[in-house]
Amino acid sequence: EGRRRREPLMGFAQVVISNTHRWAEGHFTYEVPEELAEQLSEGSAVVVPFGEKETVGFVVSLFSDPPELDCPLKSILEVVAGGPLWTRELLELSHWMSDFYACSLGEAMQAVVPSVVVRRRITPVNARESLKGVSGLGEDSRRHPLNLEQAEALRALQLARESHQTLLLEGITGAGKTEGYLSALEQALASGQSAIVLIPEVSLTPQAIDRYRGHLGEQVAVLHSQLGETRRVREWSRLLRGEARLA
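What this report covers is the structure whose coordinates are included nearby. Quick caveat, the model's predicted, so the values are computed rather than measured.

Conventions we followed
Residues numbered from 1 in each chain as written. Predicted model: local features only at pLDDT ≥ 70, side-chain atom pairs only at ≥ 80, totals over all residues. Heavy atoms only, no water. Helix = DSSP H or I, 4+ residues; strand = E, 2+ residues; numbered from the N terminus. Expected span 1.5 Å × (residues − 1). Buried < 20%, exposed > 50% of the residue type's maximum accessible area, 1.4 Å probe, protein only. Arc of directions from axis to C-beta. Polar contact = N/O pair within 3.5 Å; in protein donor to acceptor, adjacent residues only side chain to side chain. 1 Å grid on protein atoms, 1.4 Å probe; cavity = no way out; pocket = protein on both sides within 12 Å on 5 of 7 lines; lining within 4 Å. Points joined across faces, edges and corners; volume = space filled by probe spheres on them. Nonpolar A, V, L, I, M, F, W, Y, C, P; charged D, E, K, R; others polar. Contact = heavy atoms within 4.5 Å. Core = buried A, V, L, I, M, F, W, Y, C linked by side-chain atoms within 4.5 Å.

1. Here we look at helix H4 (residues 148–162)
Stage number 1. Along its 15 residues, H4 runs 21 Å from first to last C-alpha, staying within 8% of the 21 Å computed at 1.5 Å per residue.
Stage number 2. Within H4, burial applies to Gln-150, Ala-153, Leu-154, Leu-157, Gln-158 and Ala-160. Down the axis of H4, the buried side of the element spans an arc of 165°, and every buried residue falls inside it.
Stage number 3. Sitting at the head of H4, Asn-147 places a side-chain oxygen 3.2 Å from the backbone nitrogen of Glu-149.

2. Some details on the layout of surface pockets
Stage number 1. Looking at the largest pocket, its volume works out to about 1,300 Å³.
Stage number 2. Forming the walls of the largest pocket are 38 residues, and the residues nearest its centre are Lys-177, Thr-178, Tyr-181, Val-197 and Tyr-212.
Stage number 3. When contributions to the lining of the largest pocket are tallied by element, the ones reaching two or more residues are H4, helix H5 (177–190) and helix H6 (205–216).
Stage number 4. In terms of residue class, the lining of the largest pocket is built from 20 nonpolar, twelve polar and six charged.
Stage number 5. Estimates place the volume of the second largest pocket at around 840 Å³.
Stage number 6. As for the second largest pocket, its lining consists of 31 residues, of which Ala-195, Ile-196, Leu-223, Leu-239 and Ala-247 are closest to the centre.

3. Quick notes on helix H2 (residues 105–112)
Note: α-helices contain 3.6 residues per turn, so residues at a spacing of three or four share the same orientation.
Stage number 1. Of all the residues in H2, the buried ones are Leu-105, Gly-106, Ala-108, Met-109 and Val-112. For H2, the buried positions fall inside an angular range of 160° around the axis, keeping them on one side.
Stage number 2. Where H2 is buried, its residues contact strand E1 (12–18), strand E4 (53–63), helix H1 (88–100) and helix H7 (229–241).

4. What about the nonpolar core?
Stage number 1. If you look at the biggest cluster of nonpolar residues, it comprises 22 residues, and the most contacted ones within it are Phe-58, Trp-86, Met-109, Val-113 and Val-117.
Stage number 2. When contributions to this core are tallied by element, the ones reaching two or more residues are strand E3 (45–50), E4, H1, H2, helix H3 (115–122) and H7.
Stage number 3. For this core, the element with the most residues is H2, which contributes four residues.
Stage number 4. In terms of nonpolar packing, the next biggest core, distinct from the first, is built from 14 residues, Val-15, Tyr-30, Val-48 and Val-79 among them.

Written as structure tokens, this is what we have:
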């Protein structure tokens, strides 16, 4: 009496299979060996038997009740080190995308985690990290006080954010829209939220880095098509860990 009851270990897992060129449709049920149970969580990468070979899959759910099947279940062989690639929130998003866009769960999961991150987890490599693509031009990033129109725009942006509405901020080039964006981002980050800034062309990224990182510092992560694989993994991982909250 007085002892805490131990939670039952989840003895079964549903796994999405990752193939080299195309993820298998649907998900497959595997038994979880007792020695692996405490290492395993939803979103983990695992090695499983699939057909006549071993391959990598990703756990999408765990459960304790044995399924009713006509054939014996195969067991998970190994849990890939490094922790889950898909957080609970990313798995929930993947399930929603699969339902809403009528795509497979595997396709949705691939869309929310960069393929290079998946490849690196499966086959780690040692590579030198390049700063190409995440460095600015060294331009002056000093802020200027908001004028009346910018202050009114900032208030409209704040109200739209708080009420989850969409807002279009119009203005000619050089009108000072970026100052409004920076102030709105400051408010969002200060309230514990995160944000995404979309740049229309990769060639405009360096000056954008100067403006945003020059004021918001290491809270800014940079992702675009010209990044090397090592840097892309690092920037994405910073966002996943919460070290950066502005992409």
